[in-house]
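Descriptive structure summary
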Amino acid sequence: MVSKLIRSTVKQTTPLLILFAFIQLTAGTMLGDIVNNMSYFPGILILLPPLLAMRGNIGSSLGARLSSALHLGYVRPNKITNSLKINIYSGLILSFIMSALLAVFTFISCGLTQSICLGFVSLAMISISVGFISGFIMVFLAVVITEFSYKRGLDPDNVTSPTISTAGDVITIMVFILIIRLFLMLGLV
Amino acid sequence: MRYKMGKILKESTPILIITILISVISGFVLNGNQQMLQMIPGMIIILPAFLNMGGSMSGVLSSRLSSGLHLGYISPHIRKTKFLTRNLEASYITGFVTFLVLGLMAGALNIALGQSINLYMFTFGILIAGLLTVFILSILSVIFSYYSWSKGIDPDDIVIPILTTVGDFIGIFLLFYIMSMVI
């Protein structure tokens, strides 16, 4: 039983991880854009790991809650129930609060370490717009992925978390780049 | 049990704040390595994939460990059992295969994009950095799972967010440290 466990785990995990690695490499290639514009945005890379982590964590726990709710019957596919609304609002509120806090933490730690960083207003505008826009997309994607996998007879617990965290990274990176382009275009930095 | 917005917000906020704080530190490490990022564009290409792999692998391991604890397959005291060692072995095999493939794919992509890198050294660096990350994370995963279980906290709720965040930090640090040695 135990050696079977090894084989089945390796077999089930590896192909999925390799597929996701490929998708992530595409996202990474897009990140080159930020590196090229880094001189206009000192300290911008500090925001990247927290934004990615936040998106994954908010999205995955929303997906996990929704799949439990589907199992329990509180949420039904294609129906807007009260539980669904509460879960969606919570995801959106958390996205907003956490992006604002991220700007505050980054600003404070820039001061503490005396690093050269963007001003607080620019940091907050970038962090909140990237966090909230990608959060908005992620919340709806989490609902769609969870309900779709449930309708297909898959256990959403197995599918949603890795799918949402990968999709979250790609979407966050794309929104991040778009916002930075927008800032450059509007001459905000 | 019905969902209440206050409860969701109250339970999620502390862990999210902790993860943001830790990942801001990872951000500083990343930002401090700007020169290397500009010199070796391959580094930023591989970063999201590299971090995600480490996070996914430790996530899978922690989920299995906490299911094992819930179902009583493993005793709640850290002991070297077959279940534990086989689970760790599975993580290392998965890690070896995935990071090898990731290194080769990323190296090939870099060459296709016109970067002059040594494919073998690049892949070797990614593989070593990846395996070290998986190794450290697997130890942490075991410790956190048993510890939270012994404290009566469901490991499912806290181990994965903590590990993915700590994993980002360890991953970024090791990736830059090891790649600066091999390239």
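Description of the structure in this document. (Residues numbered from 1 in each chain as written. Chains lettered and ligands numbered in written order. Predicted model: local features only at pLDDT ≥ 70, side-chain atom pairs only at ≥ 80, totals over all residues. Heavy atoms only, no water.)

Here's the deal with the overall build of chain B
A tally of helices and strands in chain B yields 6 helices and 0 strands. The principal-axis extent of the C-alpha atoms belonging to chain B is close to 55 × 40 × 25 Å. The 183 residues of chain B split such that 52% are buried. Across chain B, contacts joining residues at least 24 apart in sequence account for 77% of those joining residues at least 6 apart. Summing over all exposed atoms, chain B offers an accessible surface of approximately 8,200 Å²; the carbon and sulfur share of this is 69%. (Helix = DSSP H or I, 4+ residues; strand = E, 2+ residues; numbered from the N terminus. Buried < 20%, exposed > 50% of the residue type's maximum accessible area, 1.4 Å probe, protein only. Contact = heavy atoms within 4.5 Å. Areas by Shrake-Rupley, 256 points an atom, 1.4 Å probe, with all protein chains shown as cover.)

Overview of the overall build of chain A
Helix and strand counts for chain A come out as 5 helices and 0 strands. Ordering the α and β elements of chain A from the N terminus gives α-α-α-α-α. Taken along its principal axes, the extent of the C-alpha atoms in chain A is 55 × 40 × 30 Å. Classification of the 189 residues of chain A by burial places 56% in the buried group. Look at the contacts in chain A between residues 6 or more apart in sequence, and 80% of them connect residues 24 or more apart.

Describing the packing of helix 2 (residues 48-72) of chain A against helix 1 (residues 5-32) of chain B
Close contact between helix 2 of chain A and helix 1 of chain B brings their axes to 7 Å; oriented N to C, the two are set at 155°. Between helix 2 of chain A and helix 1 of chain B, the interaxial angle falls into the category roughly antiparallel. Considering the relative orientation of helix 2 of chain A and helix 1 of chain B, their crossing is right-handed. In this structure, helix 2 of chain A uses Leu 48, Pro 49, Pro 50, Ala 53, Met 54, Asn 57, Ile 58 and Arg 65 of chain A to contact helix 1 of chain B, whose residues at the interface are Ile 8, Ser 12, Leu 16, Thr 19, Ile 20, Ser 23, Val 24, Ser 26, Gly 27 and Leu 30 of chain B. Class assignment for the residues of the contact of helix 2 of chain A with helix 1 of chain B results in 11 nonpolar, 6 polar and 1 charged. (Axes fitted to C-alpha atoms, helices over the stretch in contact; angles between N-to-C directions. Parallel < 35°, antiparallel > 145°, perpendicular 65-115°, else oblique. Left-handed = near helix turned anticlockwise from the far one by under 90°. Nonpolar A, V, L, I, M, F, W, Y, C, P; charged D, E, K, R; others polar.)

Digging into the side chain of Thr 146 of chain A
Here Thr 146 of chain A lies in helix 4 (residues 120-151). A polar contact is formed between the side chain of Thr 146 of chain A and the backbone oxygen of Ala 142 of chain A, at a distance of 2.4 Å. (Polar contact = N/O pair within 3.5 Å; in protein donor to acceptor, adjacent residues only side chain to side chain.)

Thoughts on a nonpolar patch on the surface
Residue and element names in this part refer to chain A. Together, Val 104, Phe 107, Ile 108, Leu 112, Phe 120, Val 121, Met 125, Leu 182, Met 185, Leu 186 and Leu 188 make up an exposed nonpolar region whose accessible area comes to about 1,100 Å². At the level of elements, helix 3 (82-113), helix 4 and helix 5 (156-186) are the ones that each hand at least two residues to the nonpolar patch. The element best represented in the nonpolar patch is helix 3, accounting for 4 residues. Here Ile 108 lies in helix 3. Taking the relative accessible area as the measure of exposure, Ile 108 reaches 45% and is therefore partly exposed. (Patch = residues over 30% accessible without salt bridge, like charges linked within 9 Å, V, L, I, M, F, W, Y side chains within 5 Å. Salt bridge = Lys/Arg side-chain N within 4 Å of Asp/Glu carboxyl O.)

A word on the nonpolar core
Counting 98 residues, the largest nonpolar core has Ile 44, Ile 126 and Phe 176 of chain A together with Ile 46, Leu 47, Phe 99 and Leu 175 of chain B as its most contacted members. Top contributing element to this core by residue count: helix 6 (residues 155-182) of chain B, with 12 residues. Setting aside residues no more than four positions away along its own chain, Ile 126 of chain A makes contact with Phe 41, Ile 44, Leu 47, Leu 118, Phe 176, Ile 179 and Phe 183 of chain A. (Core = buried A, V, L, I, M, F, W, Y, C linked by side-chain atoms within 4.5 Å.)

Some remarks on the packing of aromatic side chains
The tally for this structure, following the rule as stated, stands at 7 aromatic pairs over all chains. The interplanar angle of 90° and the centroid separation of 5.8 Å between the aromatic rings of Phe 96 of chain A and Phe 132 of chain A together place this pair among those described as edge-to-face. One end of the pair, Phe 96 of chain A, is in helix 3; the other, Phe 132 of chain A, is in helix 4, and 36 residues separate them in sequence. On the numbers, 5.9 Å between centres and 40° between planes, the contact of Tyr 92 of chain B with Phe 135 of chain B is tilted. Taken together, the positions of Tyr 92 of chain B in helix 4 (residues 82-112) and Phe 135 of chain B in helix 5 (residues 119-150) put the pair 43 residues apart, joining distant regions of the chain. Using a relative accessible area of 25% as the deciding quantity, one classes Tyr 92 of chain B as partly exposed. Clustering of aromatic rings is evident, with ring pairs tying together Phe 96, Phe 132, Phe 136 and Phe 140 of chain A. (Phe/Tyr/Trp six-rings, centres within 6.5 Å; stacked < 30°, edge-to-face > 60°.)

Looking at the interface of chain A and chain B
Taken together, the contact between chain A and chain B spans 57 residues of the former and 57 residues of the latter. Between chain A and chain B, a total of about 4,800 Å² is buried, with carbon and sulfur atoms accounting for 78% of that surface. Across the chain A-chain B interface, the total number found is 0 salt bridges. The tally of links from chain A across to chain B stands at 2 residue pairs in polar contact (both at pLDDT 80 or more). (Buried area = accessible area lost by both parts, 1.4 Å probe.)

Things to note about the side chain of Asn 52 of chain B
With respect to the element layout, Asn 52 of chain B can be found in helix 3 (residues 42-71). Residue class for Asn 52 of chain B comes out buried when judged on its relative accessible area of 9%. Not counting the four nearest positions on each side in its chain, Asn 52 of chain B is found in contact with Gln 24, Ser 165, Thr 166 and Asp 169 of chain A.

Structural notes on the pattern of salt bridges
When their charged atoms lie close together, side chains carrying opposite charge are able to pair. Residue and element names in this part refer to chain B. Within the structure shown, the criterion is met by 1 salt bridge over all chains. Here Arg 86 and Glu 89 are joined by a salt bridge, their closest N and O atoms 3.7 Å apart. In this pair, Arg 86 and Glu 89 both sit in helix 4, 3 residues apart, roughly one turn of the helix. Here Arg 86 falls in the partly exposed class, since its relative accessible area comes to 22%. A relative accessible area of 36% places Glu 89 in the partly exposed class.

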